[in-house]
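# Observations on the three-dimensional arrangement
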Amino acid sequence: MKKLIIISLCSLFAGTALAAGNPCGKEQLTDSPTAMITRPANYKPAVGDAGLGKKLWMDTKLSTNGMSCNACHANHGAFQASFAKPYPHKVQMAQDRLGLKLVHLDEMIQGCMVMPMAAKPLPWDSKELAALVAYTQTLQKTFRPGTAMPGNPCAMKPANPCEMKAANPCARK
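Residues numbered from 1 in each chain as written. Predicted model: local features only at pLDDT ≥ 70, side-chain atom pairs only at ≥ 80, totals over all residues. Heavy atoms only, no water.

Within the protein chain, the regular secondary structure consists of seven helices and zero strands. For the protein chain, the succession of helices and strands along the chain, N to C, is α-α-α-α-α-α-α. For the protein chain, with 173 residues in total, the buried portion stands at 41%. Taking contacts inside the protein chain between residues at least 6 apart in sequence as the whole, the part at least 24 apart equals 70%. In the form shown here, the protein chain has an accessible surface area of approximately 9800 Å², with 58% of it arising from carbon and sulfur atoms. (Helix = DSSP H or I, 4+ residues; strand = E, 2+ residues; numbered from the N terminus. Buried < 20%, exposed > 50% of the residue type's maximum accessible area, 1.4 Å probe, protein only. Contact = heavy atoms within 4.5 Å. Areas by Shrake-Rupley, 256 points an atom, 1.4 Å probe, with all protein chains shown as cover.)

Here it is in structure tokens:
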């Protein structure tokens, strides 16, 4: 039942984004998603405010399609058993969609920004990224493998809604 609800939510959010106008008219990401979410050289993670992170976790304004972190991960939903392990570790969505064998938590947050949420990654030195990492770490402490829904239904949605079409209508002039 929970899986059906999350799949419905993801479909609803995707439909809302498509109905809001031409999604192809929005600024498209030109960099490789893998490059955008990979930690920059000499990067040192900042300590974040978990309280701010909790607010951002629910904030649909971070995305371009009306999703929030909570859309896929409410009540530990869509976290795999590996979420209980220390980072960096394997995350199936990052491996399947980006070819990354291991990711740090901040990289996975950036991946969610780019993929399901269809937005630009957060600046690496931002208080928002540090806050989301801090809040996600609090969720990780209470996560128990086997209690969350299997799979990530939101990961099946392409970041670019034009990819869902056999031909890209944005390419036509």
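Turning next to helix 3 (residues 50-57). Each turn of an α-helix holds 3.6 residues, which means side chains three or four residues apart point in the same direction. Residues Gly53, Leu56 and Trp57 constitute the buried set of helix 3. Projected down its long axis, helix 3 shows its buried positions confined to an angular sector of 105°, all on one face. Packing partners of the buried residues in helix 3 comprise helix 4 (69-73) and helix 7 (127-142). Regarding helix 3, its N-cap is aspartate 49, as a side-chain oxygen of that residue lies 2.9 Å from the backbone nitrogen of glycine 51 further along. (Arc of directions from axis to C-beta. Polar contact = N/O pair within 3.5 Å; in protein donor to acceptor, adjacent residues only side chain to side chain.)

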